[in-house]
Amino acid sequence: MRQIVLDTETTGIDPREGHRLIEIGALELVNRRFTGRTYHQYINPEREVEAEAIGVHGITNEFLEDKPVFSAVADEFWEFVRGAELVIHNAAFDVGFIDHEFNLLLAARGEPRLGPVAEHCRILDTLRLARERHPGQRNNLDALCKRYEIDNGHRVLHGALLDAEILAEVYLAMTGGQTALSLDAEESSSSDAMASGLSIRRLSLPSGSLRVVQPNAEELAAHGAKLEQIRQTAGNCHWDELLGQTHEASDAAP
């Protein structure tokens, strides 16, 4: 299954008041694994960014002056997300802004080639999912990071791609998936792990630290009875073959 974890930043809180997108960040998961594919774009909103919004995301009007307008990047963005399941925290907000931008394009171009989002993508709202799993608790992204022990210490201001990366980890943790593997510098990892930014850390245990529990007489008797039942039913028992190989190896040892 192909999923796109997505976040946006905007000039304000309501597109009906003329507010626009200024940043889109998204990353791709396939079968719950990071593929390494991302989409990130700053956008000139062709209007002023509200001071309150700048206080949240830190993106200024001066920074956006030389960025492309949405119509210049819309096709590339749509190609990246179309047909996927979109994983978004408070999806109504982001989808509302994206559809607003597509509606503006429709008015300008006169033909509905892009959007609406819900007609071409499935939408999974992680805020709704978090509220179902943790009713009565805070379920913003920072609270979920704390709850699922996800490091977001590098997140001072909001940023669309950074928030999408954090949301991906939260989503995988919240739905029972592993989000990251660490790597010791001296160990190699598979090409798939390297390509996705994930890797494996091997653990070494001191000799004799692993406890081995031996069966008691009752357990051995029950095991023997089960093997005999298999022999009678199937005519043979692979356990006997394994024991024979073990005895052969023991006999061949010096």
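Described below are features of the structure shown in this document. For clarity, every value in this text was computed on a predicted model and none was experimentally measured.

**Considering the packing of aromatic side chains**
Reasoning step 1: The full count for this structure, using the stated rule, is 6 aromatic pairs.
Reasoning step 2: Centroid distance W78 to F102: 5.1 Å. Interplanar angle 80°. Geometry classified as edge-to-face. Residue W78 is found in helix α3 (residues 70-81), and its partner F102 is found in helix α4 (residues 91-109); the two are separated by 24 residues along the sequence.
Reasoning step 3: Above the plane of the ring of F80 lies R2, whose end atom (NZ or CZ) is 5.8 Å from the centre.

**A look at the side chain of N61**
Reasoning step 1: Mapped onto the elements of the fold, N61 is located in helix α2 (residues 61-64).
Reasoning step 2: Among the polar contacts made by the side chain of N61, one reaches the side chain of E48 at a distance of 3.3 Å.
Reasoning step 3: Those residues in contact with N61 that lie beyond four places of it in its chain are R47, E48, V49 and I54.

**Points about helix α6 (residues 126-133)**
One turn of an α-helix holds 3.6 residues; hence residues three or four places apart share an orientation.
Reasoning step 1: Residues T126, L127, L129 and A130 constitute the buried set of α6. For α6, the angular spread of buried residues about the axis comes to 160°, placing them on one side. Of the exposed residues in α6, the ones pointing more than 90 degrees away from its buried face are R128, R131 and E132.
Reasoning step 2: By the N-cap criterion, in which a side-chain oxygen at the helix start approaches the backbone nitrogen of a residue two or three places on, α6 is capped by D125, the distance to L127 being 2.9 Å.

**A closer look at the sheet that holds strand β1 (residues 2-10)**
Reasoning step 1: With mixed pairing, 5 strands are arranged side by side in an open sheet as β3-β2-β1-β4-β5. Two strands lie at the open edges of the sheet, namely β3 (33-42) and β5 (122-125), each paired on one side alone. Each strand of the sheet is rotated relative to its neighbour by a mean of 25°, with strand direction disregarded.
Reasoning step 2: Packing of α3 onto the sheet brings it into contact with β1, β2 (21-30), β3 and β4 (85-88), and relative to β3 it is tilted by some 170°.
Reasoning step 3: Helix-sheet contacts for α4 involve β1, β2, β4 and β5, and the interaxial angle to β1 is about 80°.

**Thoughts on unusual backbone geometry**
Most peptide bonds take the trans form, and the phi angle of most residues other than glycine is negative.
Reasoning step 1: In this chain, G115 is followed by P116 through a cis amide linkage whose omega measures -10°.
Reasoning step 2: Mapping P116 onto the fold places it in the loop between α4 and α5 (117-120).
Reasoning step 3: At R32, a position not held by glycine, the phi torsion is positive, near 70°.
Reasoning step 4: Mapped onto the secondary structure, R32 falls in the loop between β2 and β3.
Reasoning step 5: The class for R32 is partly exposed, based on a relative accessible area of 28%.

**As for the pairing of β4**
Reasoning step 1: Residues of β4 alternate between two faces, with E85 and V87 on one and L86 and I88 on the opposite face, all of them buried.
Reasoning step 2: Note: β1 against β4, 3 bridges, orientation parallel. Within β4, the residue paired with V5 across the bridge is V87.

**Some points on the pattern of salt bridges**
Reasoning step 1: All told, the structure shown has 8 salt bridges when counted by the stated rule.
Reasoning step 2: A salt bridge links R20 to E46; the shortest N-O distance between them is 3.8 Å. Here the residue R20 occupies a position in the loop between β1 and β2, and E46 occupies one in the loop between β3 and α1 (51-57), the gap between them amounting to 26 residues.
Reasoning step 3: Taking relative accessible area as the criterion, E46 reaches 56% and is therefore assigned exposed.
Reasoning step 4: The partner of R82 in a salt bridge is E79, with the nearest N and O atoms 3.0 Å apart.
Reasoning step 5: Judged by relative accessible area, R82 falls into the partly exposed class, the value being 42%.

**Some points on the packing of α3 against α4**
Reasoning step 1: For the pair α3 and α4, interaxial distance at closest approach is 11 Å and the crossing angle is 115°. As for the relative orientation of α3 and α4, their crossing is left-handed in sense. In this structure, α3 contributes F70, S71, A74, D75, F77 and W78 to the contact, and α4 contributes I98, E101, F102, L105 and R109.
Reasoning step 2: Split into classes, the residues belonging to the contact of α3 with α4 amount to 7 nonpolar, 1 polar and 3 charged.

**Remarks on the nonpolar core**
Reasoning step 1: With 26 residues, the main nonpolar core has L6, F70, F77 and F102 as its most contacted residues.
Reasoning step 2: Listing elements by their share of this core, those giving two or more residues are β1, β2, α3, β4 and α4.
Reasoning step 3: The dominant element in this core, judged by the number of residues it contributes, is α3, at 7 residues.
Reasoning step 4: When neighbours within four sequence positions are excluded, F77 is seen to be in contact with L6, I24, Y39, F70, I98 and F102.
Reasoning step 5: If you look at the next biggest cluster of nonpolar residues, it comprises 19 residues, including L124, A130, L144 and L172.

Procedures and definitions
- Each chain carries its own residue numbering, running from 1 in the direction its sequence is written.
- Since the coordinates come from a predicted model, pLDDT governs what is reported: local features require at least 70, and pairs of side-chain atoms require 80 or more to be given and counted, while whole-chain, interface and lining totals use all residues.
- Calculation of side-chain values draws on the structure's entire complement of heavy atoms; hydrogens and water are dropped beforehand.
- In this analysis, rings of Phe, Tyr and Trp, with Trp reduced to its six-membered ring, are considered paired at centre separations within 6.5 Å, and the interplanar angle assigns stacked below 30 degrees, edge-to-face beyond 60, and tilted for intermediate values.
- Helix numbers and strand numbers start at the N terminus; a helix is a DSSP run of H or I with at least 4 residues, a strand a run of E with at least 2.
- By definition, being over a ring means that NZ of Lys or CZ of Arg is both within 6 Å of the ring centre and within 35 degrees of the ring normal.
- Under this definition, polar contacts are N or O atom pairs within 3.5 Å; protein pairs additionally need one hydrogen-donor-capable and one acceptor-capable atom, and for neighbouring residues in sequence, both atoms have to be side-chain atoms.
- Two residues form a contact once any of their heavy atoms are found within 4.5 Å.
- Burial status follows relative accessibility: with a 1.4 Å probe on protein chains alone, a residue under 20% of its type maximum counts as buried, one over 50% as exposed, and anything between as partly exposed.
- Starting at the helix axis, one direction is taken to each C-beta atom, and the arc is that of these directions.
- Criterion used throughout: strands pair if DSSP finds at least two bridges between them.
- The axes used here are C-alpha line fits, helices contributing only the stretch in contact, and every angle between their N-to-C directions lies in the interval 0 to 180 degrees.
- We define a salt bridge as a contact between a side-chain nitrogen of Lys or Arg and a carboxyl oxygen of Asp or Glu at a distance within 4 Å.
- For any pair of crossing helices, the crossing counts as left-handed if the nearer helix is rotated counterclockwise from the farther one by less than a right angle, and right-handed if it is rotated clockwise.
- In this classification, Asp, Glu, Lys and Arg are treated as charged, Ala, Val, Leu, Ile, Met, Phe, Trp, Tyr, Cys and Pro as nonpolar, and every other residue, Gly included, as polar.
- Buried Ala, Val, Leu, Ile, Met, Phe, Trp, Tyr and Cys residues that are joined via side-chain atoms within 4.5 Å together make up what is termed a nonpolar core.

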